[in-house]
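Fold and geometry: a report
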There are 2 protein chains.
Amino acid sequence: MTRAPKVVLIRPVQPAPVRATRCSACSTRTICMPPGLTVDDLAKLDSIICSTRSVKRGETLYRSGYAFQSIYAVRAGSFKTVVMHRDGREHVTGFQIAGESLGLDGVCAGHHNWDAIALEDSVVCIIPFAQLEALCREMKSMQHHIYQMMSGEIVRESSQMMLLGTMTAEQRVATFLLNLSLRFKARGFLDAEFHLRMTREEIGCYLGMKLETVSRMFSKFQREWLVHANGKTIRIVDAEALARV
Amino acid sequence: MTRAPKVVLIRPVQPAPVRATRCSACSTRTICMPPGLTVDDLAKLDSIICSTRSVKRGETLYRSGYAFQSIYAVRAGSFKTVVMHRDGREHVTGFQIAGESLGLDGVCAGHHNWDAIALEDSVVCIIPFAQLEALCREMKSMQHHIYQMMSGEIVRESSQMMLLGTMTAEQRVATFLLNLSLRFKARGFLDAEFHLRMTREEIGCYLGMKLETVSRMFSKFQREWLVHANGKTIRIVDAEALARV
DNA sequence: CGCCTGATTGAGCTGCTTCAACGGCTGTGG
DNA sequence: CCACAGCCGTTGAAGCAGCTCAATCAGGCG
């Protein structure tokens, strides 16, 4: 958990392997991009999103303080985003799975405010923000889509604030599992059984509780036949009851 | 605290008194709008922001479920934004003072997700979002400004998540007071002495604690000569010590 | 095989909540 | 003008949800 102290505020994005790709041929386009794009629109998209980047498990996609140039779409794998206070306090602000976006925290100040760390070997599409902005000025649907993405992030964060501010540990864990389940479902994965890529400690750090409490809640749900948890493999047995917790 | 249950999801924005105004002549323009606007830019702005609205203390500017049409800039007064869970749980997601924005939560789904309630008699500028989007397509500086505003909201919310997830009650209240102080200062008000427009209960609801705990922390800070609190009037006596809490 | 990380479970502690009482301020109506 | 109701804030006492500390175990990897 210890890391070199943050001293340099603005650093260039570290060099990384890139690889040609095409949005027009991407199967997760329907998730990242606005619907109803014309062939013309797709060509424009392809012209700005021309590279991907692989990030190995535990490595950072970007760190707080790095100069902001691009946003990212998770193409495969998953990430956590972590804010860090000067006193060393850490908080996980979110987990991102395939089809979700990363990096919007950087627009505001021109440098990133969080660390984004891969939970498993992952691949992201790199979307240069300046070029995306230019594209938005000529493509109304794309413009609106970006506003919606950012607003969606704001709304998601506000529900997380409500979770942190008003729910018991039991309710937080239940909400977390149901939310993950929904997101897996939306991306065509199984919603009743899935594999957690994060540790109990990371879950706790996201939900504002200690890892022991997370573990106890998992055990409790198991005793009550709501969830079957075997290490990182989770099977949701009774989603309705879980939602009523 | 009781309210009529929310049944209709999409309702038109309620009729409201409007009044002609001009961004070009507004003293808080430097806070709401990007810097370096030309006379031409200002004329364009004036053409879309042509009305204000007064909201009396306790009244809502908009409610969760209302159709989203505009964002708002607080011109005078202050607001709280409240998310409500189906089970009646309420959480204050933020307080907005003069020069700050409201309503970005609506872009995502086309209807608002929160209630925005005036803490005192207040006035907002109404900025029709569709027209703003159009303006952004031709004005690069404005486009970037809106992205920055939204990203800033995302970053702010993430610090609030960290606060809720990792800090003790004492640290939360200290952080809250220092944050308010900074915002007042940025707007040209006194930063060492100010008047809280919200009740202890609303503060508690924002900080994820009970009103009694908020009150106890105020008393504690007073005993320790960090803050002088007389009802809603707050004087910050030792800001450095408060930051070290 | 042995080491290390991550997960589980128990026992005791504590910070915040709950419940309750009370005092001050404000607005209202006689 | 005063009396009174209702809200807001403060403070105390007791309870409990989640934390801390600690021991144990399982799985992965060199």
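Thresholds applied
The residue numbering used here restarts from 1 in each chain and proceeds along that chain's sequence as written. Labels are handed out in written order, letters beginning with A for the chains and numbers beginning with 1 for the ligands. Two thresholds apply to this predicted model, a pLDDT of at least 70 for residue-level local features and 80 or more for giving and counting side-chain atom pairs, whereas whole-chain, interface and lining totals are computed over all residues. Side-chain numbers here rest on the full set of heavy atoms in the structure, without hydrogens or water. Note on pairing: two strands pair once DSSP finds at least 2 bridges between them. Strands are runs of DSSP state E lasting at least two residues, helices are runs of H or I lasting at least four, and both sets are numbered from the N terminus onward. Helix axes are fitted only over the stretch in contact, all axes being lines through C-alpha atoms; the angle between N-to-C directions runs from 0 to 180 degrees. Note on contacts: a residue pair qualifies if any of its non-hydrogen atoms lie within 4.5 Å across the two residues. Residues reaching a pLDDT of at least 70 in both copies supply the C-alpha atoms on which the copies are superposed by least squares. Near, as used in this document, describes a residue that has one of its heavy atoms within 4 Å of the molecule or strand being considered. Polar contact is the term for a pair of N or O atoms within 3.5 Å; when the atoms are in protein, one must be able to donate a hydrogen and the other to accept it, and sequence-neighboring residues count only if both atoms are side-chain atoms. Burial here depends on accessible area, computed with a 1.4 Å probe over protein chains only, as a share of the maximum for the residue type. Under 20% is buried, over 50% is exposed, and the range in between is partly exposed.

1. Looking at the sheet that holds strand S2 (residues 60-62) of chain B
Residue and element names in this part refer to chain B. Sheet architecture is open: four strands sit in the order S2-S7-S4-S5, paired in antiparallel fashion. The outermost strands of the open sheet, each flanked by one partner alone, are S2 and strand S5 (90-97). The sheet shows a mean angle of 30° between the axes of neighbouring strands, direction not considered. Where S2 and strand S7 (residues 115-118) come together, two bridges link them in antiparallel fashion. Its bridge partner lying in S7, Tyr62 is registered against Ala116.

2. Regarding the sheet that holds strand S9 (residues 193-195) of chain B
In any sheet, the strands associate via hydrogen bonds between backbone groups, in a parallel or an antiparallel arrangement. Residues and elements named next belong to chain B. One open sheet accounts for three strands, arranged S9-S11-S10; its pairing is antiparallel. The sheet is open, and its two edges are formed by S9 and strand S10 (227-230), each paired on a single side. The sheet shows a mean angle of 15° between the axes of neighbouring strands, direction not considered. Bridge analysis of S10 against strand S11 (residues 233-236) gives four bridges, and the strand direction is antiparallel. Residue pairing for S11: Ala229 is matched across the bridge by Ile234. Those strands touched by helix H7 (residues 211-223) are S10 and S11, and its axis lies near 130° from that of S10.

3. Points about the relation of the copies chain A and chain B
For these two chain copies, the linking operation is a rotation about an axis paired with a shift along it. Of the two same-sequence chains, chain A is brought onto chain B (RMSD 0.0 Å, axial shift 0.0 Å) by a rotation of 180°. Here the two chains are linked by the operation of a two-fold rotation axis. By C-alpha distance to the rotation axis, the residue of chain A lying nearest is Arg137(A), at 2.1 Å. Take the interface residues of chain A: 100% of them recur as interface residues in chain B, which is what a same-surface contact looks like.

4. Brief notes about the protein's contact with DNA strand C
In the vicinity of DNA strand C, 16 residues are found, and the nearest of them are Arg200(A), Ser215(A), Ser219(A), Ala169(B) and Thr213(B). Here DNA strand C approaches the protein such that, of its atoms within 4 Å, sugar and phosphate make up 62%. Within the backbone of Lys210(B), a nitrogen or oxygen atom sits 3.4 Å from a phosphate oxygen of DNA strand C. Between DNA strand C and Thr213(B), the relevant distance is 2.3 Å, taken from a phosphate oxygen to a side-chain nitrogen or oxygen of the residue. Broken down by secondary-structure element, the contributors of at least two residues to the surface near DNA strand C are helix H7 (211-223) of chain A together with H7 of chain B. Per-element accounting of the surface near DNA strand C gives the leading share, five residues, to H7(A).

5. Considerations on unusual backbone geometry
All names here are of chain A. Look at Trp225: it is not a glycine, yet its phi comes out positive at around 60°. Tracing the backbone through its elements, the reader meets Trp225 in the loop between H7 and strand S10 (227-230). Residue classification places Trp225 among the exposed positions, given a relative accessible area of 66%.

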